Amino acid sequence: MDRDLSLQPRGPANRERLRAEAVALLMRAIVHDERGEPCGTVASTGDLESHYRNVWTRDNVAPMLYFMEDEPRLVRSFLEALMRRQSVDRRTLGLIPIGFSPQFNHTDLGGEEAIGAIYSIDSTLWFLILLGLHVETTRDLEWLQTHRRHVKTALGLLLSPRFDPLPLLAAPESVTEIDRPAGLHGYPLQLQVLLFLALRWSARLLRALDEPDQATVCDAEAEAIQSWINRWYWLDPDLLAERGDLPMEQYGAGNPNPFNLDYGRIRQATSWLKEGGFLAGTLRARHLDTRFWAFPNCLAAMSGIVSASRATAIMYLIRDRAPDLLGQMPLAVCWPELRGSRYQILMDSDPRGRPGVFHNGAYWPNILWAFVPTALLAGQRDLAENALELAARRLSPEWGEYYDRRGRIGKAARRHQTWSIAGFLLADRALGARPGIDGWQVRLTPREGW
Ligand code: GLC
């Protein structure tokens, strides 16, 4: 049953009806600011009792990408709402909150409303990316000038000195959408990818603000991050064979193995890797996370952090392991999931993260918005169509937050989860756009020439 995943769609679901349902639900998720302006979407309209009734910064990425061209006023109000709530505290100066709730006049800077005092680094990075896309879409440089201070203070956080000479951003657990322990501390891939994109957009914005010197600094940082990602996170069978004998316990300037990684163990842990390649989930001294994390891999591929051939290799891996990675409701957030003693130690036996549940290997339809364009760019249209078809068969009427491998809504998953809805709409739109003819694809990097 689990392996019921032929790559042939079994007949079109009623896409038109689904689209209309999704758009109506997305509209229902919009909330208004103090001035009565629409300013963002709540995380879920199926749960008005918990912190899911808030406007979460990261949960608004897919909706804002969806509205970017046609509803610039909404995107602008969302960005302004974030800027009004940007931290002015000495320790967190420039930080963009994890979320807010206009109805309750509430700003959640440190995840204090969520379970456990988590904070978020990704909000500030997504803010710069969305702001860049909005300015590029509207070409409203006057508006950008007015908000210059907010861009500069957010950027100040990214470029401030820290206890680390590497261009990569070190972070504890739980600072991105994976906001429970998952063994991702160190230099998590997701953060490096978002940092690269945020720096690219910052460089573009700084040039528009007539600050070419700082823009050059941002571009240089972005390039350095890209090169570290490609050198130390990438795994494929050839590279693993080549690094077979990389010496360990070395020191000094010419050390060929600066993280002291044991490639023998890495090869064992990735014995399932037969086709293609991928970027590892995190890196730290003596450790490389060898799980495949779908979202940051797709983001890295669609934004050109890895070469076109590596982007294609990521798709080959997904195709090769389709029953595990796509399941019956695309896509597995990570694979393989942590089990046994690794689950006990790295996740402290978190009941919310049992194997196959929530961030420990459940299937999240919101990832579709990054997966579909990546598959299309890599020339894997049938894989993208098949994934969307699977999702289309099961999403309505629940539009769940996450699913199990067989496509049943996940344990304690929210219903009418906004990013699942917007993720479907974006993926559907990307599939409908003809390459080079229809303008609108999901795009995360600046265009040339403005
Ligand atoms: C959960 C998820 C997080 C998401 C939030 C709102 O906390 O782990 O990624 O942003 O819900 O949907």
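For every chain, the first residue of its written sequence is number 1, and the numbers climb from 1 along that sequence. Where local features are concerned, this predicted model is filtered to residues with pLDDT of at least 70; where side-chain atom pairs are given and counted, the filter is 80 or more; whole-chain, interface and lining totals use all residues. Based on all heavy atoms of the structure, the side-chain values leave hydrogens and waters out of the count.

Visitor: Summarise the side chain of Thr282; cite the residues concerned and give the values.
Guide: Numbered from the N terminus, helices here are DSSP runs of H or I no shorter than four residues, and strands are runs of E no shorter than two. Topologically, Thr282 is positioned in the loop between β7 (278–279) and β8 (283–284). A distance of 3.3 Å separates a polar atom in the side chain of Thr282 from the backbone oxygen of Tyr187. The contact definition used throughout considers only heavy atoms, calling two residues in contact when any of these lie within 4.5 Å. In contact with Thr282, other than residues within four places in its own chain, are Gly183, Leu184, His185, Gly186, Tyr187, Pro188, Leu189, Tyr233, His287, Leu288 and Asp289. Pairs of N or O atoms are called polar contacts if they sit within 3.5 Å, as long as, within protein, a hydrogen donor faces a hydrogen acceptor (for residues adjacent in sequence, only side-chain-to-side-chain pairs).

Visitor: Can you break down the packing of aromatic side chains residue by residue, with the values?
Guide: Pairing of aromatic rings covers Phe, Tyr and Trp, the last counted by its six-membered ring, and requires centre-to-centre distances within 6.5 Å; plane angles under 30 degrees mean stacked, over 60 mean edge-to-face, and any other angle means tilted. Per the stated rule, a full pass over the model turns up 14 aromatic pairs. Measuring from centroid to centroid gives 5.8 Å for Phe278 and Phe292, while their planes differ by 80°, and the two rings are edge-to-face. Of this pair, Phe278 sits in strand β7 while Phe292 sits in strand β10 (residues 292–293), and the two are 14 residues apart along the sequence. Partly exposed describes any residue whose relative accessible area lies between the buried limit of under 20% and the exposed limit of over 50%, with all areas from a 1.4 Å probe on protein chains only and scaled to the type maximum. A residue is classified by how much of its surface remains accessible, and Phe292, at 1% relative accessible area, is buried. Among the aromatic residues, ring-to-ring pairing joins Tyr187, Trp228, Trp232 and Phe259 into one connected group. The ring of Phe104 has Arg53 lying over it, and the distance from NZ or CZ to the ring centre is 4.3 Å. We call a charge positioned over a ring when the NZ of a Lys or the CZ of an Arg lies within 6 Å of the ring centre and within 35 degrees of the ring normal. Here the guanidinium or amino end of Arg352 rests over the ring plane of Phe358, the centre of that ring lying 3.9 Å away.

Visitor: Talk me through the sheet that holds strand β4 (residues 99–101); I want residue IDs and the actual numbers.
Guide: Pairs of strands are assigned from DSSP output, requiring at least two bridges between the strands. Pairing is antiparallel in the open sheet, where three strands are placed in the order β3-β4-β5. Among the strands making up the open sheet, the edge pair consists of β3 (55–56) and β5 (106–108). Bridge count for β4 against β5 is three bridges, and the pairing is antiparallel. Its bridge partner being in β5, Phe100 is matched across the sheet by Thr107.

Visitor: An account of empty space enclosed by the protein is needed here, citing residue identities and associated values.
Guide: A pocket here means an open set of points on a 1 Å grid, computed over the protein atoms alone, that has protein on both sides within 12 Å along at least five of seven lines. A cavity is instead a set of points where a 1.4 Å probe fits but cannot get out; residues with an atom within 4 Å of a point line either one. Grid points are joined across faces, edges and corners, and a volume is the space filled by probe spheres set on the points. A full pass over the atoms with the stated rule returns six cavities of 30 Å³ or more. Lining the largest cavity are 16 residues; nearest its centre among them are Thr176, Ile178, Leu184, Pro188 and Gln190. Mapped onto the lining of the largest cavity, the elements with two or more residues apiece are α7 (189–208) and α11 (294–302). Residues of the lining of the largest cavity, tallied by class, amount to 10 nonpolar, four polar and two charged. Each pocket or cavity is described by its volume, and for the second largest cavity that value is around 90 Å³. Each residue gets one label: Ala, Val, Leu, Ile, Met, Phe, Trp, Tyr, Cys and Pro are nonpolar, Asp, Glu, Lys and Arg are charged, and the others, such as Gly, are polar.

Visitor: Now, about unusual backbone geometry: what can you tell me, with residues and values included?
Guide: Backbone torsion omega between Pro330 and Leu331 reads 0°, so that peptide bond is classified as cis. With respect to the helices and strands, Leu331 occurs in the loop between α13 (322–325) and β11 (334–335). In this structure, Pro397 follows Ser396 across a cis peptide bond, with omega equal to 5°. Structurally, the position occupied by Pro397 is in the loop between α16 (381–394) and α17 (418–432). Unlike most non-glycine residues, Glu249 shows phi in positive territory, near 55°. Turning to its location among the elements, Glu249 is positioned in the loop between α9 (237–242) and α10 (263–269). The phi torsion at Ala412 lies on the positive side, around 60°, for a residue other than glycine. Its place among the elements puts Ala412 in the loop between α16 and α17.

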